[in-house]
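# Fold and contact review
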Amino acid sequence: MHRSKMLIDGKLVNSVAGKVATIYNPATKEPVAEVSVGVRIDAQLALDAARIAFPKWSETHSQQRGDILHEAARLVRQRVEEIATLLTCEQGKPLKDSRREVLSSADVLDYYAEEGKRNFGQWVPAASQGSRSLVVKQPIGVAAIITPWNLPVDLMAWKVGPALAAGCTVVAKPPSLAPLAATAFIRAVNDAGVPPGVVNVVHGSGSVVGAELVENPVSRKIAFTGETATGRWIMEKAARHIKRVSLELGGQSPFIVCSDASVDKAVSACVQRAFSNMGQICISVNRIYVAEEVAEEFTSKLVDRTMKLKVGNGLEPGIDLGPMFSEPMRQKTEEHIADAVQKGARVLCGGHKPEGEEYENGFFFLPTVLENVDHSMRVMREETFGPVAPIMHFEDLDEVISLANGTEYGLAAYIFTNDLTTAIKAAERLEAGGVGINVNNVAEIQAPFGGWKQSGLGRELGHYGLDEYLEVKHIRFGL
Ligand code: NDP
(Lines give C-alpha, C1' and ligand atoms only; values in the text may rest on other atoms or scores of the structure.)
Protein backbone atom coordinates (compact mmCIF):
# COMPACT_ATOMS: atom_id res chain seq x y z
CA MET A 1 0.00 0.00 0.00
CA HIS A 2 1.18 3.51 -0.87
CA ARG A 3 2.32 5.63 2.09
CA SER A 4 2.26 9.41 1.98
CA LYS A 5 4.08 11.59 4.47
CA MET A 6 4.01 15.34 4.90
CA LEU A 7 6.79 17.57 3.63
CA ILE A 8 8.11 20.10 6.12
CA ASP A 9 11.38 22.01 5.78
CA GLY A 10 12.53 19.75 2.95
CA LYS A 11 12.00 16.52 4.93
CA LEU A 12 9.31 13.85 4.60
CA VAL A 13 7.80 13.58 8.06
CA ASN A 14 5.01 11.94 10.02
CA SER A 15 2.64 14.06 12.03
CA VAL A 16 3.83 15.06 15.49
CA ALA A 17 0.79 13.35 17.03
CA GLY A 18 1.45 10.18 14.99
CA LYS A 19 -2.02 10.26 13.42
CA VAL A 20 -2.64 8.31 10.21
CA ALA A 21 -5.65 7.93 7.93
CA THR A 22 -6.56 5.48 5.19
CA ILE A 23 -7.48 6.71 1.74
CA TYR A 24 -10.09 4.67 -0.14
CA ASN A 25 -10.77 4.19 -3.84
CA PRO A 26 -14.27 5.58 -4.62
CA ALA A 27 -14.72 2.95 -7.35
CA THR A 28 -14.19 -0.03 -5.03
CA LYS A 29 -14.06 1.34 -1.47
CA GLU A 30 -10.77 -0.56 -1.15
CA PRO A 31 -7.89 1.07 0.77
CA VAL A 32 -5.23 2.56 -1.50
CA ALA A 33 -2.93 4.40 0.86
CA GLU A 34 -2.10 5.43 4.38
CA VAL A 35 -1.37 9.08 4.98
CA SER A 36 0.16 10.87 7.87
CA VAL A 37 -2.40 13.34 9.24
CA GLY A 38 -1.28 16.56 10.83
CA VAL A 39 -2.80 18.70 13.55
CA ARG A 40 -2.28 22.39 14.41
CA ILE A 41 1.31 21.93 15.60
CA ASP A 42 2.32 20.39 12.25
CA ALA A 43 0.83 23.35 10.42
CA GLN A 44 2.72 25.70 12.75
CA LEU A 45 6.02 23.89 12.07
CA ALA A 46 5.43 24.15 8.32
CA LEU A 47 4.53 27.84 8.55
CA ASP A 48 7.67 28.45 10.55
CA ALA A 49 9.83 26.65 7.98
CA ALA A 50 8.24 28.74 5.22
CA ARG A 51 8.76 31.96 7.23
CA ILE A 52 12.46 31.22 7.75
CA ALA A 53 12.98 30.26 4.09
CA PHE A 54 11.21 33.36 2.74
CA PRO A 55 13.91 36.10 2.86
CA LYS A 56 16.45 34.11 0.83
CA TRP A 57 13.92 32.70 -1.67
CA SER A 58 12.33 36.10 -2.24
CA GLU A 59 15.76 37.51 -3.18
CA THR A 60 16.62 34.65 -5.55
CA HIS A 61 16.83 35.89 -9.12
CA SER A 62 13.67 35.25 -11.16
CA GLN A 63 15.79 33.41 -13.74
CA GLN A 64 16.89 30.93 -11.08
CA ARG A 65 13.37 30.46 -9.78
CA GLY A 66 12.27 29.95 -13.39
CA ASP A 67 14.92 27.28 -13.95
CA ILE A 68 13.70 25.39 -10.87
CA LEU A 69 10.08 25.61 -12.04
CA HIS A 70 11.03 24.29 -15.50
CA GLU A 71 12.86 21.39 -13.84
CA ALA A 72 9.78 20.78 -11.66
CA ALA A 73 7.62 20.63 -14.81
CA ARG A 74 10.04 18.12 -16.33
CA LEU A 75 9.89 15.91 -13.22
CA VAL A 76 6.07 16.06 -13.12
CA ARG A 77 5.97 14.90 -16.78
CA GLN A 78 8.48 12.16 -16.03
CA ARG A 79 6.29 10.97 -13.11
CA VAL A 80 2.99 11.33 -14.94
CA GLU A 81 2.02 7.65 -14.67
CA GLU A 82 2.72 7.49 -10.95
CA ILE A 83 0.86 10.71 -10.13
CA ALA A 84 -2.06 10.01 -12.50
CA THR A 85 -2.56 6.51 -11.08
CA LEU A 86 -2.67 7.90 -7.54
CA LEU A 87 -5.19 10.50 -8.73
CA THR A 88 -7.52 7.93 -10.29
CA CYS A 89 -7.26 5.64 -7.26
CA GLU A 90 -8.12 8.35 -4.74
CA GLN A 91 -10.52 10.50 -6.77
CA GLY A 92 -12.14 8.14 -9.29
CA LYS A 93 -11.70 9.96 -12.63
CA PRO A 94 -10.61 7.89 -15.66
CA LEU A 95 -6.86 7.45 -16.02
CA LYS A 96 -6.80 9.38 -19.31
CA ASP A 97 -8.35 12.41 -17.53
CA SER A 98 -5.87 12.06 -14.66
CA ARG A 99 -2.96 12.04 -17.13
CA ARG A 100 -4.36 15.16 -18.80
CA GLU A 101 -4.67 16.91 -15.43
CA VAL A 102 -1.10 16.05 -14.41
CA LEU A 103 0.35 17.15 -17.76
CA SER A 104 -1.63 20.36 -17.61
CA SER A 105 -0.18 21.06 -14.14
CA ALA A 106 3.32 20.73 -15.65
CA ASP A 107 2.35 23.27 -18.34
CA VAL A 108 1.29 25.69 -15.59
CA LEU A 109 4.72 25.38 -13.93
CA ASP A 110 6.44 26.06 -17.27
CA TYR A 111 4.22 29.08 -17.86
CA TYR A 112 5.01 30.64 -14.47
CA ALA A 113 8.71 29.84 -14.85
CA GLU A 114 8.64 32.46 -17.62
CA GLU A 115 5.87 34.76 -16.32
CA GLY A 116 7.87 35.29 -13.10
CA LYS A 117 10.53 37.03 -15.24
CA ARG A 118 7.91 39.50 -16.47
CA ASN A 119 7.17 40.97 -13.04
CA PHE A 120 7.66 44.46 -14.47
CA GLY A 121 7.68 47.66 -12.45
CA GLN A 122 6.78 51.18 -13.58
CA TRP A 123 8.58 54.50 -13.74
CA VAL A 124 5.78 56.93 -12.86
CA PRO A 125 5.79 60.66 -13.79
CA ALA A 126 6.11 62.71 -10.59
CA ALA A 127 4.19 65.92 -9.86
CA SER A 128 7.28 67.89 -8.91
CA GLN A 129 10.65 68.52 -10.60
CA GLY A 130 12.46 67.46 -7.46
CA SER A 131 11.29 63.85 -7.21
CA ARG A 132 10.95 60.65 -9.17
CA SER A 133 8.64 57.67 -8.50
CA LEU A 134 9.31 54.02 -9.14
CA VAL A 135 6.72 51.29 -8.61
CA VAL A 136 7.84 47.71 -7.99
CA LYS A 137 6.01 44.51 -7.06
CA GLN A 138 7.45 42.26 -4.35
CA PRO A 139 6.44 38.86 -2.96
CA ILE A 140 3.88 38.99 -0.15
CA GLY A 141 5.49 36.40 2.12
CA VAL A 142 4.25 32.99 3.21
CA ALA A 143 1.30 31.79 1.12
CA ALA A 144 -1.12 29.22 2.58
CA ILE A 145 -2.65 27.14 -0.21
CA ILE A 146 -5.83 25.15 0.40
CA THR A 147 -7.32 23.01 -2.36
CA PRO A 148 -10.32 20.70 -3.03
CA TRP A 149 -10.59 17.09 -4.23
CA ASN A 150 -12.13 17.51 -7.68
CA LEU A 151 -8.99 18.68 -9.55
CA PRO A 152 -6.42 18.29 -6.78
CA VAL A 153 -3.28 18.47 -8.93
CA ASP A 154 -4.28 21.19 -11.37
CA LEU A 155 -5.67 23.51 -8.71
CA MET A 156 -2.51 23.04 -6.64
CA ALA A 157 -0.36 23.96 -9.67
CA TRP A 158 -2.46 27.09 -10.34
CA LYS A 159 -1.33 28.35 -6.93
CA VAL A 160 2.10 26.83 -6.28
CA GLY A 161 3.40 27.91 -9.73
CA PRO A 162 2.72 31.65 -9.40
CA ALA A 163 3.52 31.71 -5.66
CA LEU A 164 7.02 30.30 -6.18
CA ALA A 165 7.60 32.37 -9.32
CA ALA A 166 6.67 35.52 -7.39
CA GLY A 167 9.16 34.66 -4.64
CA CYS A 168 6.68 33.55 -1.96
CA THR A 169 7.18 30.45 0.14
CA VAL A 170 4.33 27.99 0.47
CA VAL A 171 2.47 25.77 2.91
CA ALA A 172 -0.05 23.66 1.02
CA LYS A 173 -2.96 21.69 2.43
CA PRO A 174 -4.44 19.23 -0.05
CA PRO A 175 -7.96 17.81 0.50
CA SER A 176 -8.02 15.28 3.35
CA LEU A 177 -9.79 12.53 1.41
CA ALA A 178 -7.62 12.87 -1.74
CA PRO A 179 -4.15 14.14 -0.76
CA LEU A 180 -1.97 11.61 -2.63
CA ALA A 181 -1.55 13.02 -6.14
CA ALA A 182 -1.26 16.62 -4.95
CA THR A 183 1.45 15.59 -2.48
CA ALA A 184 3.29 13.63 -5.20
CA PHE A 185 3.09 16.75 -7.40
CA ILE A 186 4.61 18.91 -4.65
CA ARG A 187 7.33 16.35 -4.03
CA ALA A 188 8.29 16.68 -7.69
CA VAL A 189 8.48 20.46 -7.24
CA ASN A 190 10.61 19.99 -4.15
CA ASP A 191 12.90 17.51 -5.91
CA ALA A 192 13.55 20.11 -8.61
CA GLY A 193 15.96 21.90 -6.29
CA VAL A 194 13.76 24.16 -4.21
CA PRO A 195 15.60 25.02 -0.98
CA PRO A 196 14.24 23.43 2.26
CA GLY A 197 11.22 25.22 3.69
CA VAL A 198 10.23 26.94 0.44
CA VAL A 199 7.47 24.45 -0.31
CA ASN A 200 5.76 22.45 2.46
CA VAL A 201 2.74 20.13 2.57
CA VAL A 202 0.64 19.39 5.63
CA HIS A 203 -2.16 16.82 5.52
CA GLY A 204 -5.17 17.09 7.76
CA SER A 205 -8.70 18.30 8.04
CA GLY A 206 -9.85 21.72 6.95
CA SER A 207 -11.26 22.56 10.35
CA VAL A 208 -7.91 21.85 12.07
CA VAL A 209 -4.91 22.20 9.71
CA GLY A 210 -6.75 24.48 7.25
CA ALA A 211 -7.98 26.70 10.06
CA GLU A 212 -4.46 27.02 11.51
CA LEU A 213 -3.07 28.07 8.12
CA VAL A 214 -5.78 30.71 7.82
CA GLU A 215 -5.67 32.02 11.39
CA ASN A 216 -1.93 31.95 12.09
CA PRO A 217 -0.43 35.43 11.52
CA VAL A 218 2.63 33.92 9.76
CA SER A 219 0.66 33.33 6.54
CA ARG A 220 0.28 36.62 4.68
CA LYS A 221 -1.81 35.27 1.83
CA ILE A 222 -4.52 32.60 1.58
CA ALA A 223 -5.14 31.02 -1.81
CA PHE A 224 -8.23 28.85 -1.64
CA THR A 225 -10.41 26.80 -3.97
CA GLY A 226 -13.49 25.15 -2.57
CA GLU A 227 -17.06 25.75 -1.53
CA THR A 228 -18.50 29.23 -1.22
CA ALA A 229 -19.40 28.63 2.45
CA THR A 230 -15.79 27.70 3.29
CA GLY A 231 -14.51 30.68 1.30
CA ARG A 232 -16.77 33.01 3.28
CA TRP A 233 -15.44 31.57 6.56
CA ILE A 234 -11.83 31.98 5.38
CA MET A 235 -12.44 35.59 4.34
CA GLU A 236 -13.91 36.41 7.75
CA LYS A 237 -10.96 34.86 9.57
CA ALA A 238 -8.39 36.44 7.24
CA ALA A 239 -9.89 39.84 7.99
CA ARG A 240 -8.51 39.64 11.53
CA HIS A 241 -4.96 40.13 10.20
CA ILE A 242 -6.01 41.91 6.96
CA LYS A 243 -4.52 39.05 4.93
CA ARG A 244 -4.71 38.94 1.18
CA VAL A 245 -7.11 36.26 -0.06
CA SER A 246 -7.93 34.76 -3.42
CA LEU A 247 -11.03 32.60 -3.45
CA GLU A 248 -12.14 30.31 -6.28
CA LEU A 249 -15.58 29.15 -5.18
CA GLY A 250 -18.70 27.41 -6.42
CA GLY A 251 -20.40 27.81 -9.78
CA GLN A 252 -23.78 27.25 -11.47
CA SER A 253 -22.89 27.67 -15.13
CA PRO A 254 -25.55 28.29 -17.78
CA PHE A 255 -25.17 26.87 -21.31
CA ILE A 256 -27.27 28.73 -23.90
CA VAL A 257 -27.98 27.24 -27.33
CA CYS A 258 -29.42 29.75 -29.82
CA SER A 259 -31.57 28.81 -32.81
CA ASP A 260 -28.73 29.64 -35.26
CA ALA A 261 -26.13 27.50 -33.45
CA SER A 262 -24.57 24.38 -34.86
CA VAL A 263 -26.57 21.84 -32.85
CA ASP A 264 -24.05 19.02 -33.27
CA LYS A 265 -21.18 21.17 -32.00
CA ALA A 266 -23.29 22.37 -29.08
CA VAL A 267 -24.27 18.80 -28.16
CA SER A 268 -20.64 17.58 -28.21
CA ALA A 269 -19.49 20.52 -26.10
CA CYS A 270 -22.37 20.13 -23.68
CA VAL A 271 -22.08 16.41 -23.09
CA GLN A 272 -18.38 16.77 -22.34
CA ARG A 273 -18.66 19.76 -20.02
CA ALA A 274 -21.77 18.54 -18.16
CA PHE A 275 -20.50 15.04 -17.36
CA SER A 276 -16.69 15.07 -17.41
CA ASN A 277 -15.34 14.29 -13.89
CA MET A 278 -18.97 13.32 -13.13
CA GLY A 279 -20.00 16.97 -13.19
CA GLN A 280 -17.69 17.66 -10.25
CA ILE A 281 -16.03 20.69 -11.81
CA CYS A 282 -16.72 24.27 -10.81
CA ILE A 283 -17.25 25.27 -14.48
CA SER A 284 -19.40 22.25 -15.38
CA VAL A 285 -22.54 22.94 -17.39
CA ASN A 286 -25.25 23.07 -14.74
CA ARG A 287 -28.28 24.40 -16.66
CA ILE A 288 -29.03 24.28 -20.35
CA TYR A 289 -31.27 26.83 -22.08
CA VAL A 290 -32.16 25.85 -25.66
CA ALA A 291 -34.02 27.97 -28.20
CA GLU A 292 -37.47 26.54 -28.87
CA GLU A 293 -36.72 26.03 -32.61
CA VAL A 294 -33.85 23.56 -31.98
CA ALA A 295 -34.88 22.17 -28.60
CA GLU A 296 -36.21 18.85 -29.84
CA GLU A 297 -33.18 18.09 -32.02
CA PHE A 298 -30.72 19.20 -29.31
CA THR A 299 -32.46 17.18 -26.59
CA SER A 300 -32.68 13.93 -28.54
CA LYS A 301 -29.03 14.16 -29.66
CA LEU A 302 -27.88 15.00 -26.12
CA VAL A 303 -29.75 12.03 -24.65
CA ASP A 304 -28.35 9.76 -27.35
CA ARG A 305 -24.75 10.85 -26.67
CA THR A 306 -25.24 10.67 -22.89
CA MET A 307 -26.50 7.10 -23.01
CA LYS A 308 -23.36 6.04 -24.90
CA LEU A 309 -21.03 7.22 -22.10
CA LYS A 310 -19.34 4.27 -20.43
CA VAL A 311 -19.31 4.42 -16.63
CA GLY A 312 -16.84 2.28 -14.69
CA ASN A 313 -13.65 1.96 -12.67
CA GLY A 314 -11.31 4.70 -13.93
CA LEU A 315 -8.35 2.31 -14.00
CA GLU A 316 -10.00 0.22 -16.74
CA PRO A 317 -9.50 1.14 -20.40
CA GLY A 318 -12.31 2.70 -22.43
CA ILE A 319 -14.08 4.32 -19.47
CA ASP A 320 -15.63 7.77 -20.02
CA LEU A 321 -16.84 8.42 -16.48
CA GLY A 322 -15.63 7.09 -13.12
CA PRO A 323 -17.57 6.98 -9.87
CA MET A 324 -18.56 10.08 -7.95
CA PHE A 325 -16.07 11.10 -5.28
CA SER A 326 -18.08 10.16 -2.21
CA GLU A 327 -21.43 9.00 -0.92
CA PRO A 328 -22.46 12.53 0.22
CA MET A 329 -21.81 13.78 -3.34
CA ARG A 330 -23.95 10.99 -4.79
CA GLN A 331 -26.70 11.63 -2.24
CA LYS A 332 -26.75 15.35 -3.05
CA THR A 333 -27.18 14.52 -6.74
CA GLU A 334 -30.06 12.15 -5.95
CA GLU A 335 -31.70 14.79 -3.76
CA HIS A 336 -31.48 17.45 -6.49
CA ILE A 337 -33.01 15.05 -9.04
CA ALA A 338 -35.78 14.02 -6.62
CA ASP A 339 -36.59 17.67 -5.90
CA ALA A 340 -36.81 18.42 -9.64
CA VAL A 341 -38.98 15.37 -10.38
CA GLN A 342 -41.30 16.19 -7.52
CA LYS A 343 -41.77 19.67 -9.03
CA GLY A 344 -42.55 18.32 -12.50
CA ALA A 345 -39.21 17.51 -14.25
CA ARG A 346 -38.97 14.45 -16.51
CA VAL A 347 -35.92 12.16 -16.41
CA LEU A 348 -34.87 11.42 -20.01
CA CYS A 349 -31.94 9.18 -19.10
CA GLY A 350 -29.98 8.17 -16.00
CA GLY A 351 -31.31 9.36 -12.66
CA HIS A 352 -30.08 6.39 -10.66
CA LYS A 353 -27.09 4.14 -9.90
CA PRO A 354 -26.06 1.77 -12.67
CA GLU A 355 -26.92 -1.88 -12.16
CA GLY A 356 -24.38 -4.71 -12.11
CA GLU A 357 -21.87 -6.36 -9.83
CA GLU A 358 -19.02 -4.08 -10.89
CA TYR A 359 -20.96 -1.05 -9.61
CA GLU A 360 -21.97 -2.48 -6.25
CA ASN A 361 -19.17 -1.10 -4.10
CA GLY A 362 -18.35 2.25 -5.68
CA PHE A 363 -20.16 5.59 -5.68
CA PHE A 364 -21.36 5.18 -9.26
CA PHE A 365 -24.21 7.15 -10.79
CA LEU A 366 -25.55 7.39 -14.33
CA PRO A 367 -25.25 10.69 -16.21
CA THR A 368 -28.70 12.22 -16.16
CA VAL A 369 -30.66 14.48 -18.52
CA LEU A 370 -33.78 16.25 -17.24
CA GLU A 371 -36.38 18.27 -19.14
CA ASN A 372 -39.39 20.34 -18.18
CA VAL A 373 -37.37 22.10 -15.51
CA ASP A 374 -37.77 25.60 -14.09
CA HIS A 375 -36.06 27.89 -11.61
CA SER A 376 -38.10 26.68 -8.64
CA MET A 377 -35.92 23.55 -8.73
CA ARG A 378 -32.62 23.20 -6.83
CA VAL A 379 -30.79 21.91 -9.94
CA MET A 380 -31.37 25.30 -11.59
CA ARG A 381 -30.21 27.44 -8.65
CA GLU A 382 -27.77 25.50 -6.47
CA GLU A 383 -24.48 23.82 -7.34
CA THR A 384 -25.31 20.11 -7.76
CA PHE A 385 -21.66 19.11 -8.36
CA GLY A 386 -22.95 15.95 -10.00
CA PRO A 387 -23.69 14.53 -13.49
CA VAL A 388 -27.02 16.25 -14.14
CA ALA A 389 -27.96 18.23 -17.27
CA PRO A 390 -31.35 19.97 -16.91
CA ILE A 391 -32.82 21.43 -20.14
CA MET A 392 -35.16 24.42 -20.31
CA HIS A 393 -36.53 26.00 -23.53
CA PHE A 394 -36.47 29.74 -24.32
CA GLU A 395 -37.84 32.13 -26.93
CA ASP A 396 -36.25 35.47 -26.15
CA LEU A 397 -32.52 36.22 -25.66
CA ASP A 398 -33.06 39.01 -23.09
CA GLU A 399 -35.22 36.69 -21.03
CA VAL A 400 -32.67 33.87 -21.11
CA ILE A 401 -29.77 36.13 -20.15
CA SER A 402 -31.70 37.37 -17.19
CA LEU A 403 -32.40 33.74 -16.19
CA ALA A 404 -28.72 32.87 -16.71
CA ASN A 405 -27.75 35.71 -14.37
CA GLY A 406 -30.38 34.74 -11.82
CA THR A 407 -28.22 32.89 -9.30
CA GLU A 408 -25.74 33.99 -6.64
CA TYR A 409 -22.93 32.44 -8.71
CA GLY A 410 -20.93 33.97 -11.56
CA LEU A 411 -18.04 31.73 -12.54
CA ALA A 412 -18.57 30.60 -16.14
CA ALA A 413 -21.28 30.94 -18.80
CA TYR A 414 -21.45 29.46 -22.28
CA ILE A 415 -23.36 30.45 -25.39
CA PHE A 416 -23.54 28.70 -28.76
CA THR A 417 -24.55 30.96 -31.66
CA ASN A 418 -23.36 31.81 -35.17
CA ASP A 419 -24.59 35.39 -34.93
CA LEU A 420 -21.85 37.87 -34.01
CA THR A 421 -24.22 40.45 -32.56
CA THR A 422 -25.89 37.87 -30.31
CA ALA A 423 -22.47 36.60 -29.20
CA ILE A 424 -21.19 40.08 -28.33
CA LYS A 425 -24.36 41.15 -26.53
CA ALA A 426 -24.47 37.93 -24.51
CA ALA A 427 -20.76 38.08 -23.64
CA GLU A 428 -21.20 41.65 -22.39
CA ARG A 429 -24.33 40.96 -20.36
CA LEU A 430 -23.57 37.60 -18.78
CA GLU A 431 -22.46 38.06 -15.16
CA ALA A 432 -19.51 35.65 -15.06
CA GLY A 433 -15.74 35.75 -14.74
CA GLY A 434 -15.45 33.70 -17.94
CA VAL A 435 -17.78 33.54 -20.95
CA GLY A 436 -17.32 30.83 -23.59
CA ILE A 437 -18.66 31.54 -27.07
CA ASN A 438 -18.93 28.27 -29.02
CA VAL A 439 -16.46 26.64 -26.59
CA ASN A 440 -17.03 24.65 -23.43
CA ASN A 441 -14.05 25.73 -21.35
CA VAL A 442 -13.04 29.13 -20.00
CA ALA A 443 -9.74 28.00 -18.45
CA GLU A 444 -6.74 29.14 -20.51
CA ILE A 445 -3.26 29.32 -18.94
CA GLN A 446 -2.51 32.83 -20.21
CA ALA A 447 -5.91 34.36 -19.38
CA PRO A 448 -7.52 35.21 -16.01
CA PHE A 449 -9.77 32.63 -14.36
CA GLY A 450 -12.11 33.46 -11.50
CA GLY A 451 -15.60 34.30 -10.40
CA TRP A 452 -17.99 37.19 -10.06
CA LYS A 453 -20.54 37.47 -7.26
CA GLN A 454 -20.32 34.55 -4.78
CA SER A 455 -18.11 32.52 -7.11
CA GLY A 456 -15.00 34.17 -5.81
CA LEU A 457 -12.50 36.92 -5.45
CA GLY A 458 -9.21 37.44 -7.26
CA ARG A 459 -7.93 35.66 -10.36
CA GLU A 460 -5.74 32.68 -11.16
CA LEU A 461 -3.71 31.99 -14.33
CA GLY A 462 -2.16 34.56 -16.65
CA HIS A 463 -0.24 37.50 -15.23
CA TYR A 464 -3.28 38.15 -13.01
CA GLY A 465 -2.44 34.91 -11.17
CA LEU A 466 1.09 36.16 -10.46
CA ASP A 467 -0.19 39.50 -9.13
CA GLU A 468 -2.14 37.66 -6.42
CA TYR A 469 1.22 36.85 -4.73
CA LEU A 470 2.77 40.31 -5.08
CA GLU A 471 2.55 43.52 -3.07
CA VAL A 472 2.90 46.89 -4.78
CA LYS A 473 5.57 49.27 -3.47
CA HIS A 474 6.06 52.91 -4.42
CA ILE A 475 9.71 54.08 -4.11
CA ARG A 476 10.02 57.87 -4.20
CA PHE A 477 13.39 59.54 -4.87
CA GLY A 478 14.21 63.13 -3.89
CA LEU A 479 16.69 64.62 -6.36
P1 NDP B 1 -14.43 22.50 0.61
O2 NDP B 1 -14.64 23.97 0.73
O3 NDP B 1 -15.19 21.62 1.52
O4 NDP B 1 -12.90 22.12 0.82
C5 NDP B 1 -11.87 22.69 0.09
C6 NDP B 1 -10.60 22.67 0.90
O7 NDP B 1 -10.77 23.51 2.03
C8 NDP B 1 -10.24 21.29 1.47
O9 NDP B 1 -8.85 21.15 1.51
C10 NDP B 1 -10.83 21.36 2.87
O11 NDP B 1 -10.26 20.45 3.76
C12 NDP B 1 -10.50 22.79 3.22
N13 NDP B 1 -11.31 23.35 4.31
C14 NDP B 1 -12.55 22.98 4.72
N15 NDP B 1 -12.93 23.74 5.77
C16 NDP B 1 -11.91 24.60 6.03
C17 NDP B 1 -11.71 25.63 7.00
N18 NDP B 1 -12.62 25.93 7.93
N19 NDP B 1 -10.54 26.32 6.96
C20 NDP B 1 -9.61 26.05 6.03
N21 NDP B 1 -9.74 25.07 5.11
C22 NDP B 1 -10.89 24.36 5.09
O23 NDP B 1 -14.70 22.14 -0.92
P24 NDP B 1 -14.71 20.70 -1.59
O25 NDP B 1 -13.44 19.98 -1.28
O26 NDP B 1 -16.00 20.04 -1.28
O27 NDP B 1 -14.64 21.09 -3.14
C28 NDP B 1 -15.76 21.30 -3.93
C29 NDP B 1 -16.03 22.78 -4.10
O30 NDP B 1 -14.93 23.43 -4.73
C31 NDP B 1 -17.21 23.06 -4.99
O32 NDP B 1 -18.06 23.99 -4.40
C33 NDP B 1 -16.59 23.67 -6.25
O34 NDP B 1 -17.41 24.51 -6.97
C35 NDP B 1 -15.40 24.35 -5.71
N36 NDP B 1 -14.45 24.56 -6.77
C37 NDP B 1 -14.24 25.82 -7.28
C38 NDP B 1 -13.38 26.04 -8.33
C39 NDP B 1 -13.13 27.42 -8.84
O40 NDP B 1 -12.11 27.60 -9.49
N41 NDP B 1 -13.98 28.38 -8.60
C42 NDP B 1 -12.67 24.94 -8.96
C43 NDP B 1 -12.94 23.66 -8.37
C44 NDP B 1 -13.80 23.50 -7.31
P45 NDP B 1 -10.92 18.98 3.93
O46 NDP B 1 -10.57 18.24 2.71
O47 NDP B 1 -10.29 18.43 5.15
O48 NDP B 1 -12.40 19.18 4.09
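On a predicted model such as this, the values are computed, not experimentally measured, just so you know.

Moving on to the overall build of the protein. Looking only at helices and strands, the protein features 14 helices and 23 strands. Relative to the compact-globule value of 23 Å for 479 residues, the protein shows a C-alpha radius of gyration of 23 Å, a close match. Projected onto its principal axes, the C-alpha positions of the protein cover 70 × 65 × 40 Å. The 479 residues of the protein split such that 57% are buried. Taking as baseline every contact in the protein between residues at least 6 positions apart, the subset at least 24 positions apart corresponds to 73%. Of the accessible surface of the protein, which amounts to about 19,300 Å², a share of 52% is contributed by carbon and sulfur atoms. Both charge centroids of the protein, one from 50 positive and one from 58 negative side chains, sit 8 Å from each other.

By nearness alone, 29 residues border the ligand, and Ser176, Thr230, Leu249, Cys282 and Glu383 come closest of all. Here an oxygen atom of the ligand sits 2.7 Å away from a polar atom, N or O, in the main chain of threonine 147. Take glutamate 383: an N or O atom from its side chain is 2.5 Å from an oxygen atom of the ligand. Considering the ligand on its own, with 900 Å² of exposed area, one finds that the protein chains cover 89% of that surface. Broken down by secondary-structure element, the contributors of at least two residues to the shell around the ligand are α7 (206-215), β11 (219-225) and α8 (228-239). In terms of residue count, the dominant contributor to the shell around the ligand is α7 (3 residues). Class assignment for the residues of the shell around the ligand results in 14 nonpolar, 11 polar and 4 charged. When residues of the shell around the ligand are sorted by domain, at least three fall in each of domain 1 (2-249 + 455-478) and domain 2 (253-444).

Bringing the pairing of strand β4 (residues 20-24) into the picture now. Judged from the 5 bridges that link them, β4 and strand β5 (residues 31-36) form a sheet pairing that is antiparallel. When the bridges of β5 are listed, tyrosine 24 appears paired with proline 31. Adjacent in sequence and paired antiparallel, β4 and β5 are bridged by 6 residues, among which lysine 29 carries a positive phi angle near 60°.

Before going further, it helps to examine the sheet that holds strand β1 (residues 2-4). As summarised here, the arrangement of the 3 strands in space is β1-β5-β4, forming an open sheet in which the pairing is mixed. Looking along the sheet, the strands with just one partner apiece sit at the ends: β1 and β4. Put simply, the sheet's adjacent strands are angled 25° from each other on average, direction ignored.

The next subject is the sheet that holds strand β7 (residues 131-139). One open sheet accounts for 3 strands, arranged β6-β7-β23; its pairing is antiparallel. With partners counted over all chains shown, the strands left at the sheet margins are β6 (122-124) and β23 (470-478), one partner each. Taking each pair of neighbouring strands and ignoring which way they run, the sheet shows an average axis angle of 25°. Where β6 lies against β7, 3 bridges are found, and the strand directions are antiparallel.

Turning our eyes to something else, we now look at the packing of aromatic side chains. In the structure shown here, the tally under the stated rule is 8 aromatic pairs. Summarising the aromatic geometry, the rings of tryptophan 123 and phenylalanine 477 are spaced 6.0 Å apart at their centres and angled 40° between planes, so their arrangement reads as tilted. Linking tryptophan 123 in strand β6 with phenylalanine 477 in strand β23, this pair joins segments that are 354 residues apart in sequence. Classification of tryptophan 123 by relative accessible area gives exposed; the value is 55%.

According to the domain assignment, the protein contains domain 1 (2-249 + 455-478) and domain 2 (253-444). Carbon and sulfur atoms make up 60% of the surface buried where domain 1 meets domain 2, a total of about 2,200 Å² over both sides. The three residues of domain 1 that bury the most area against domain 2 are Ala27, Trp149 and Ser455, which together make up 25% of that side's buried surface. Applying the counting rule to domain 1 against domain 2 returns 1 salt bridge. Between domain 1 and domain 2 we count 10 residue pairs in polar contact (both at pLDDT 80 or more) in total. Going through the elements one at a time, α3 (80-91) and α4 (95-115) are the ones with two or more residues in the side of domain 1 that touches domain 2. Considering each element in turn, the side of domain 1 that touches domain 2 owes the most residues, 5 residues, to α3.

Here we take up unusual backbone geometry. Notably, aspartate 9 is not glycine yet its phi reads approximately 55°, a positive angle. Summarising the element assignment, aspartate 9 is placed in the loop between β2 (6-8) and β3 (11-13). In this structure aspartate 9 comes out as partly exposed when scored by relative accessible area, which is 32%. Non-glycine residue isoleucine 242 carries a positive phi angle of around 45°. Examined against the element boundaries, isoleucine 242 turns out to sit in the loop between α8 and β12 (244-248). Take isoleucine 242: its relative accessible area is 68%, and that puts it in the exposed class.

By secondary structure assignment, the location of valine 102 is in helix α4. Here valine 102 falls in the buried class, since its relative accessible area comes to 0%. Considered as a pair, valine 102 and alanine 157 are 55 residues apart in the sequence and their alpha carbons are 9.3 Å apart. When residues no more than four places from it in sequence are discounted, the contact partners of valine 102 are Val76, Val80, Ile83, Ala84 and Val153.

What counts, and at which threshold
Residues numbered from 1 in each chain as written. Predicted model: local features only at pLDDT ≥ 70, side-chain atom pairs only at ≥ 80, totals over all residues. Heavy atoms only, no water. Helix = DSSP H or I, 4+ residues; strand = E, 2+ residues; numbered from the N terminus. Rg over C-alpha atoms; globule rule 2.2 N^0.38 Å. Buried < 20%, exposed > 50% of the residue type's maximum accessible area, 1.4 Å probe, protein only. Contact = heavy atoms within 4.5 Å. Areas by Shrake-Rupley, 256 points an atom, 1.4 Å probe, with all protein chains shown as cover. Lys, Arg positive; Asp, Glu negative; His and termini not counted. Charge placed at Lys NZ, Arg CZ, Asp CG, Glu CD. Near = heavy atom within 4 Å. Polar contact = N/O pair within 3.5 Å; in protein donor to acceptor, adjacent residues only side chain to side chain. Nonpolar A, V, L, I, M, F, W, Y, C, P; charged D, E, K, R; others polar. Domains from an automatic or database assignment. Pairing = 2+ DSSP bridges. Axes fitted to C-alpha atoms, helices over the stretch in contact; angles between N-to-C directions. Phe/Tyr/Trp six-rings, centres within 6.5 Å; stacked < 30°, edge-to-face > 60°. Buried area = accessible area lost by both parts, 1.4 Å probe. Salt bridge = Lys/Arg side-chain N within 4 Å of Asp/Glu carboxyl O.

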